Amino acid sequence: MKRFLITCLILIVSIFTAMAQPKTDRIKTALLIVDIQDFYFPGDGPGLVNVIPSSLNAKEILRAFRDKKQLVVHVKHK
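Residues numbered from 1 in each chain as written. Predicted model: local features only at pLDDT ≥ 70, side-chain atom pairs only at ≥ 80, totals over all residues. Heavy atoms only, no water.

What about the overall build of the chain?
Scanning the chain from terminus to terminus reveals two helices and two strands. Within the chain, the proportion of its 78 residues that are buried is 22%. Intrachain contacts of the chain at a sequence separation of at least 6 include 54% that bridge at least 24 residues. About 6200 Å² of surface is accessible on the chain, with carbon and sulfur atoms providing 63% of the total. (Helix = DSSP H or I, 4+ residues; strand = E, 2+ residues; numbered from the N terminus. Buried < 20%, exposed > 50% of the residue type's maximum accessible area, 1.4 Å probe, protein only. Contact = heavy atoms within 4.5 Å. Areas by Shrake-Rupley, 256 points an atom, 1.4 Å probe, with all protein chains shown as cover.)

Structure below.
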């Protein structure tokens, strides 16, 4: 579920970024990572279902974006 939400957020950011730029500019993509915090892991809080595989997938996506020097936005709320 978390991977689905992250994917949806990436698509939304990409669409709005493309709409906001003039057609002569390249389309830019940003990765938006929301709420991957210690609180969600077992032992630090309630723990979510499949949190370890989800966090490892997010790590791979994050690494790919950083390798390509693309924008990464981390959002953490309390």
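The rest of the description comes next.
Looking at a nonpolar patch on the surface
A cluster of nonpolar side chains, L71, V73 and V75, forms an exposed patch at the surface whose accessible area comes to about 230 Å². Its location among the elements puts V75 in strand 2 (residues 71-75). (Patch = residues over 30% accessible without salt bridge, like charges linked within 9 Å, V, L, I, M, F, W, Y side chains within 5 Å. Salt bridge = Lys/Arg side-chain N within 4 Å of Asp/Glu carboxyl O.)

What about the confidence of the model for the chain?
Mean pLDDT over the chain works out to 75, with 65% of the residues at or above the 70 mark. No element of the chain has a lower mean pLDDT than helix 1 (residues 2-20), which averages 72, and none a higher one than helix 2 (residues 51-67), which averages 87. (pLDDT = per-residue confidence, 0-100.)

Let's talk about empty space enclosed by the protein
By the definition in use, this model includes one cavity of 30 Å³ or more. A volume near 40 Å³ is recorded for the largest cavity. Lining the largest cavity are K2, R3, I6, S54, N57, A58 and I61. Elements with a contribution of two residues or more to the lining of the largest cavity: helix 1 and helix 2. Grouping the amino acids of the lining of the largest cavity by side-chain chemistry returns three nonpolar, two polar and two charged. (1 Å grid on protein atoms, 1.4 Å probe; cavity = no way out; pocket = protein on both sides within 12 Å on 5 of 7 lines; lining within 4 Å. Points joined across faces, edges and corners; volume = space filled by probe spheres on them. Nonpolar A, V, L, I, M, F, W, Y, C, P; charged D, E, K, R; others polar.)

Things to note about unusual backbone geometry
Here the phi dihedral of K69 falls at roughly 55°; this positive angle occurs in a residue that is not glycine. Position of K69 relative to the elements: it lies in the loop between helix 2 and strand 2.

Describing the side chain of S55
In this structure, S55 sits in helix 2. S55 sits in the buried class, given a relative accessible area of 17%. Polar contacts involving the side chain of S55 include one to the main-chain carbonyl oxygen of I52, which spans 2.8 Å. (Polar contact = N/O pair within 3.5 Å; in protein donor to acceptor, adjacent residues only side chain to side chain.)

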